[in-house]
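Coordinate inspection notes
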Amino acid sequence: MAFTTLISHWHFDPILVVFIAAVVSIYWSVSRFRRIRSNWLFACAMSVFLIMTCSPVHYLGMHYYFSVYMICHVSILLICGPLLVMSIPRRPYQFWENRLNKISAKLAARPWLCWLAGVSIMWFWHIPAIFDSGMTAMHGRFTVLTFLHPATMLAAGFVFAWPLFSRFSTRELHPLTGVLYLFTACVSCSLLGLLITFAPPGTYHHYMQMTGMDGRPWNISWQEDQQAAGLIMWVPCCFLYLSGCIYLLLRWFSEKPLNDQKRSNSIKPTIP
């Protein structure tokens, strides 16, 4: 396939477009686009999501290369999800503030559910039988899975990031607890990446059902493609988790002197 042919493969599935429009509408209702920084974070999240679901990158990952699919998967789960959480303003409109506070309280009381959502969806979509059957069902036509696959990843990424990066949560995770939260997710992600990297070639045989090597851009073999997919799941994902750990530690170290100062002021004796 020539590059000029590949670059023309933009597609906009109806239900996916409706889903994106619904997310934009909800964000407008929450913030009314009145916070410039939040708007940029939201715009970045939706831009990445649009590229990973409607552009030639998505087409290449769906039809030719497991490694490109993995880039789409990681970007939606670990980039779009956290950006959406950080784009929510501290003081949304009253209609949403009460509801988001209730949701935040429930999630903060059960952070293990948020962790499980982010990790389990990653493992679920990479079970070989589920992956192959889902990709075969989506190949060449629009199905419910075409919408369900990216939507569940975005939702799981949003829930996973909520205890860590929510701007108005009343019960945030302690930064050191957040580091443990991300570290254990990184271990799980690394294990999955290792299994994919060293799995027998053809474990994910969806791509082997496509046309021969003459029809595959850049003529990368199936074995190399699968190994690259596993390495993408293994190394860049851990880098994203590590970046989150560094962010939490920097935030903790920056807040600690202020907390110590407040504590010392509160116990300072008064002079009669």
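Nothing here was measured: the structure is a model prediction, and the numbers come from that model. (Residues numbered from 1 in each chain as written. Predicted model: local features only at pLDDT ≥ 70, side-chain atom pairs only at ≥ 80, totals over all residues. Heavy atoms only, no water.)

Moving on to the packing of aromatic side chains. Scanning the entire structure with this criterion turns up 17 aromatic pairs. Ring geometry for tyrosine 69 and phenylalanine 131: centres 5.1 Å apart, planes at 75°, overall edge-to-face. Here phenylalanine 131 lies in helix H8 (residues 128-138) and tyrosine 69 lies in helix H5 (residues 66-87), a separation of 62 residues in the sequence. Tyrosine 69 sits in the buried class, given a relative accessible area of 4%. (Phe/Tyr/Trp six-rings, centres within 6.5 Å; stacked < 30°, edge-to-face > 60°. Helix = DSSP H or I, 4+ residues; strand = E, 2+ residues; numbered from the N terminus. Buried < 20%, exposed > 50% of the residue type's maximum accessible area, 1.4 Å probe, protein only.)

On to the environment of tryptophan 162. On the secondary structure map, tryptophan 162 appears in helix H9 (residues 144-165). Each C-alpha atom of the pair tryptophan 162 and proline 111 lies 9.0 Å from the other, and the pair is 51 residues apart in sequence.

Okay, a positive patch on the surface next. A surface patch of like charges, here positive, comprises Arg99, Lys102, Lys106 and Arg110. Note that lysine 102 resides in helix H6 (residues 94-109). (Patch = residues over 30% accessible without salt bridge, like charges linked within 9 Å, V, L, I, M, F, W, Y side chains within 5 Å. Areas by Shrake-Rupley, 256 points an atom, 1.4 Å probe, with all protein chains shown as cover. Salt bridge = Lys/Arg side-chain N within 4 Å of Asp/Glu carboxyl O. Lys, Arg positive; Asp, Glu negative; His and termini not counted. Charge placed at Lys NZ, Arg CZ, Asp CG, Glu CD.)

With that settled, the discussion passes to the packing of helix H7 (residues 111-124) against helix H10 (residues 175-197). Two elements in contact, H7 and H10, have axes separated by 11 Å at closest approach and are oriented at 15°. As judged from the angle between their axes, H7 and H10 are roughly parallel. The chirality of how H7 crosses H10 is right-handed. Packed against H7, whose contacting residues are Pro111, Cys114, Trp115, Val119, Met122 and Trp123, the element H10 presents Tyr181, Thr184, Ala185, Ser188, Cys189, Leu191, Leu192 and Leu195 at the interface. (Axes fitted to C-alpha atoms, helices over the stretch in contact; angles between N-to-C directions. Parallel < 35°, antiparallel > 145°, perpendicular 65-115°, else oblique. Left-handed = near helix turned anticlockwise from the far one by under 90°. Contact = heavy atoms within 4.5 Å.)

That is the geometry; function is a separate question.
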